[in-house]
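As a plain string of letters, each chain reads:
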Protein chains: 2
Amino acid sequence: MNKVDIPAIIVARLPIYLETLELMYKEGIYKTSSRELGDRIGITAAQIRKDLSQFGEFGKQGTGYSIPNLVAELRKILHVDKIWDVALVGTGNLGTAIARYPEFNHRGFRIVMCFDSDPALIGTKVGDITIEDSATMIERIREANIKIAMLTVPGSIAQQVADDLVKAGVTAILNYAPVALNMPPDIIHVQHIDPILQLQQMTYYMD
Amino acid sequence: MNKVDIPAIIVARLPIYLETLELMYKEGIYKTSSRELGDRIGITAAQIRKDLSQFGEFGKQGTGYSIPNLVAELRKILHVDKIWDVALVGTGNLGTAIARYPEFNHRGFRIVMCFDSDPALIGTKVGDITIEDSATMIERIREANIKIAMLTVPGSIAQQVADDLVKAGVTAILNYAPVALNMPPDIIHVQHIDPILQLQQMTYYMD
């Protein structure tokens, strides 16, 4: 099956399966069932079997899944069986917090460049990375062939910076800025991290 | 229809509809169609009609939706036709960035209390709010009858703080800490903001 034919909602669940399986593995659990995995995630066993069946045969009836095997397969499917270089644009409080997020490396990502336009920040370090001038961003990202960027700039300049990232050859943006980006969907993937969208999913159930 | 009978995946789309409609309204657009709304979001018109039909009759065949009406209805359904008080726990870089996020107020939320355990931060301000000692958190949140918390503490203490939030009477946690919380699902809603889950949804489509 062509990967664009798989519904996005199924694709969105795969990283949750992977995260949960990696956690179980860390806890010393090496085999699991659709039922057990589903109980952890809050989803039915049938849904998990149906989702995974889109990608192949991963478990055996009655014996369940080998966690190391399923982790390896999911990493391949999600293309995180390698490490992706990531550029971080905007090193205010949010960008700094994200640059220090401890989980990236062993889950497929590595922040290799940080950019800001504030002269007070350019040349200083976030972790091991020296903050570079945004004015050099397009050239630097293109040269390094970086395809993924995290956008942690103010909303007022987010669209302009995102347009520059497209020029630099980036094909995936994780947008933390509080604005919806207007991007050509055929050449770039955008995910928007918006706390309000997630808060409202909870207040729906609250009085 | 009882609200717990509506699939969570539909509930998760409602805030996106609301956000998009509010943006259109800001742009001076007062009427729309399922097709136009769907094109903006990247979803089919049929899906939008099907989702909304779970909650009532909002548009008329041929004339489309009144945006102000649909915004008001979605705000009621999501219970953001009022302002929810929110406690923020952890005022490092990430917490500080979130406290300054400009969008909360007009989308249904207001951060009213901030907590940290760092003596260097207690008594200082984030925006207009004085950071209070985490040791007083359970009592303060309970007294103020706050039901929603944002958790921006290090992963190593996130579970303990979340357990304390449950004791304080909180029923919804937006978890930014890089760990999955183990919480009783019958008494508390949890949403996890994890950049890696969203990055992996994009690398799926990338080579």
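In the nomenclature of an unreviewed UniProt entry, chain A is known as Redox-sensing transcriptional repressor Rex of Ornatilinea apprima. Here chain A is described in UniProt, under the heading Sequence similarities (unreviewed entry), as follows: "Belongs to the transcriptional regulatory Rex family." Quoted verbatim from the Subunit (unreviewed entry) field of the UniProt record, the comment on chain A reads "Homodimer."

Colleague: What exactly am I supposed to notice about the interface of chain A and chain B here?
Modeller: The interface of chain A with chain B comprises 58 residues on the first partner and 59 residues on the second. The junction of chain A with chain B conceals about 5700 Å² of combined surface from both sides, 68% of it contributed by carbon and sulfur atoms. Across the chain A-chain B interface, the total number found is two salt bridges. The salt bridge partner of Asp194(B) is Arg107(A), with a shortest N-O separation of 3.1 Å. Here chain A is connected to chain B by 18 residue pairs in polar contact (both at pLDDT 80 or more). Residue classes in the side of chain A that touches chain B are distributed as 38 nonpolar, 11 polar and nine charged.

Colleague: In this structure, what is going on with the sheet that holds strand S4 (residues 109–116) of chain B? I would like to understand it.
Modeller: Paired through backbone hydrogen bonds, the strands of a sheet run either parallel or antiparallel to each other. Residues and elements named next belong to chain B. Strand order in the open sheet formed by seven strands is S5-S6-S4-S3-S7-S8-S9, with mixed pairing between adjacent strands. For this open sheet the edge positions go to strand S5 (125–126) and strand S9 (189–192), each flanked by a neighbour on one side alone. Relative to strand S6 (residues 129–133), S5 runs antiparallel, the two sharing two bridges. Bridging from a neighbouring strand, Val-126 pairs with Ile-129 of S6. Along the sheet face, helix H6 (residues 137–144) touches strand S3 (84–89), S4 and S6 and points at about 160° away from the line of S4.

Colleague: What is the right way to look at the relation of the copies chain A and chain B in this model?
Modeller: You can overlay chain A on chain B at an RMSD of 0.0 Å; the transform is a turn of 180° with a shift of 0.0 Å along its axis. What the superposition gives is, in effect, a two-fold axis relating one chain to the other. Across chain A, the rotation axis passes nearest the C-alpha of Asn93(A), at a separation of 2.3 Å.

Cut-offs applied
- Residues numbered from 1 in each chain as written.
- Chains lettered and ligands numbered in written order.
- Predicted model: local features only at pLDDT ≥ 70, side-chain atom pairs only at ≥ 80, totals over all residues.
- Heavy atoms only, no water.
- UniProt positions renumbered as here; feature names shortened; annotations may be inferred.
- Contact = heavy atoms within 4.5 Å.
- Buried area = accessible area lost by both parts, 1.4 Å probe.
- Salt bridge = Lys/Arg side-chain N within 4 Å of Asp/Glu carboxyl O.
- Polar contact = N/O pair within 3.5 Å; in protein donor to acceptor, adjacent residues only side chain to side chain.
- Nonpolar A, V, L, I, M, F, W, Y, C, P; charged D, E, K, R; others polar.
- Pairing = 2+ DSSP bridges.
- Helix = DSSP H or I, 4+ residues; strand = E, 2+ residues; numbered from the N terminus.
- Axes fitted to C-alpha atoms, helices over the stretch in contact; angles between N-to-C directions.
- Least-squares fit on C-alpha atoms with pLDDT ≥ 70 in both.

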